[in-house]
Amino acid sequence: MYEPSPVGRSAPADAVIHVEGLTKTYVTAAGPFPALKGVDLSISHGEYVAIMGPSGSGKSTFMNLLGCLDTPTAGDYYLVGRNVAHMANDELATLRNRTIGFVFQGFNLLPRMSLQDNVALPLVYSHLDRETRRRRAREMLAKVGLDSYADSFPARISGGQQQRVAIARALINSPSLILADEPTGNLDSHTSEEIMALFGQLNDEGITVVLVTHEHDIADHAKRQVRFLDGLIVSDALTPVRAEAAGSTTATAPVTAGQGAPAC
Ligand SMILES: Nc1ncnc2c1ncn2[C@@H]1O[C@H](COP(=O)(O)OP(=O)(O)OP(=O)(O)O)[C@@H](O)[C@H]1O
Ligand SMILES: [Mg+2]
């Protein structure tokens, strides 16, 4: 049974994400399947982290827990210092909407809605009137270079442009954290570089970025690389070029298998 830590324990003050012993066991017809086996990790405000690892190693399971799209079987998750297990559903929904923008591999745009309305979608539960929501959406489309496409539809634009729209949608609530699960997985290498430049720009503006990728070239855009294997973190290091620039080859706190949390 899921037993979060008692109320009163807290995460490091500067951590946007802090997980301890995070465990996810799926119930399958063949019996319980441990997809995450006790992950410890802290990510501070303003970091840019790539999550890597082979297929089936637990990356998406981990991202879905970070995005509060699923609940852990055991362990603790502190989102901007709040233990999500201790929050009421509506309180958590509000915190998640204000804090996290999610970007998916398949863009997940609604085909019958204009790009502007797709981007405005997360504002539908806000108290903003329709015209204000549309104006904000156009501002976000301008931020990703697509303001002239506001009235177009997903099927009429390229994959890279669709992912830009999805990023604009993720940004509309001014999140402090972007979670992206293989955001370039459906894109060619040139378009992938354009999308990564956009994530880099957002990180330069202070947004924490955590993205999953299989590609080393993509991961090298991040400042820190965390590698999963069989439901555990097996390495956690600064991206090599950045480590060289910093005069080091390892992250602030090198880890051993299953002990993913840097010292905070
Ligand atoms: N809903 C589920 N029910 C049962 N098992 C699941 C479920 N989701 C994922 N798994 C299993 O958990 C393991 C981890 O899956 P996950 O999707 O997190 O891997 P991943 O690292 O994201 O892989 P990929 O690189 O292929 O996307 C896999 O063995 C997968 O089959
Ligand atoms: Mg995955």
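Peer 1: Help me understand the site of ligand 1, please; the structure alone is not making it clear to me.
Peer 2: Close to ligand 1 lie Tyr-26, Thr-28, Phe-33, Ala-35, Gly-53, Ser-55, Gly-56, Ser-57, Gly-58, Lys-59, Ser-60 and Thr-61. Sorting the residues of the shell around ligand 1 by element identifies strand E1 (15–28), strand E2 (31–44) and helix H1 (59–66) as the ones contributing at least two each. The element that contributes the greatest number of residues to the shell around ligand 1 is H1, accounting for three residues. Classifying every residue of the shell around ligand 1 by side-chain character gives three nonpolar, eight polar and one charged.

Peer 1: Teacher, can you tell me more about the sheet that holds E2 here?
Peer 2: Across a sheet, paired strands are connected by hydrogen bonds in the backbone, their directions being either parallel or antiparallel. Ordered in space as E2-E1-E4-E5, the four strands form an open sheet in which the pairing is antiparallel. The strands lining the two open edges of the sheet, one partner per strand, are E2 and strand E5 (82–83). Relative to E2, E1 runs antiparallel, the two sharing eleven bridges. Paired with Ala-15 across the bridge in E2 is Ser-44.

Peer 1: Honestly, the nonpolar core in this entry has me stumped. Any pointers?
Peer 2: Considering soluble globular proteins, one finds that nonpolar side chains tend to be buried as a cluster. Judged by nonpolar contacts, the single largest core of 66 residues is most densely connected at Ile-51, Val-119, Ala-168, Ile-178, Leu-179 and Leu-211. Sort the elements by how many residues they give to this core and helix H5 (residues 159–171) lands first, with six residues. Non-local contacts of Ile-51, meaning those with residues more than four positions away in its chain, are made with Lys-59, Phe-62, Val-210, Leu-211, Val-212, Val-226 and Phe-228.

Peer 1: Would you take a moment to explain the pairing of strand E8 (residues 208–212) for this structure?
Peer 2: Working note: regular strand, side chains alternate between the two faces of the sheet. Of all five residues in E8, five are buried, a share of seventy percent or more. Burial of the side chains of E8 extends over both faces: Thr-208, Val-210 and Val-212 are buried on one face and Val-209 and Leu-211 on the other. Two strands pair when backbone bridges link them, and strand E3 (residues 48–52) and E8 are joined in this way by four bridges, in the parallel orientation. Following the sheet pairing, Ile-51 is matched in E8 by Val-212. Tracing the backbone out of strand E7 (residues 177–181), into helix H6 (residues 189–204) and back to the parallel element E8 gives a crossover that is right-handed.

Conventions used here
Here, residues in each chain are numbered from 1, in the same order as that chain's written sequence. In the order they appear in the text, chains get letters beginning with A and ligands get numbers beginning with 1. Whole-chain, interface and lining totals are the exception, using all residues; otherwise, since this is a predicted model, local features are given only for residues with pLDDT of at least 70 and side-chain atom pairs are given and counted only at 80 or more. Any residue qualifies as near a molecule or strand once its backbone-derived C-beta atom lies within 6 Å of it. In this description a helix means any DSSP run of H or I spanning at least four residues, a strand means any run of E spanning at least two, and both kinds are numbered starting from the N terminus. Note on residue classes: Ala, Val, Leu, Ile, Met, Phe, Trp, Tyr, Cys and Pro are nonpolar, Asp, Glu, Lys and Arg are charged, and everything else, Gly too, is polar. Should DSSP find at least two bridges between two strands, the strands are regarded as paired. Put simply, a nonpolar core is buried Ala, Val, Leu, Ile, Met, Phe, Trp, Tyr and Cys residues tied into one set by C-beta atoms within 7 Å. A residue is called partly exposed when the number of other C-beta atoms within 10 Å of its own lies between 12 and 20, exposed at 12 or fewer, and buried at 20 or more, with C-beta atoms placed from the backbone. What counts as a contact here is a pair of residues whose C-beta atoms, placed from the backbone, lie within 7 Å. The handedness of a crossover follows from its direction of travel: if, with the strands pointing away from the viewer, the path from the first strand over the helix to the second runs clockwise, the crossover is right-handed.

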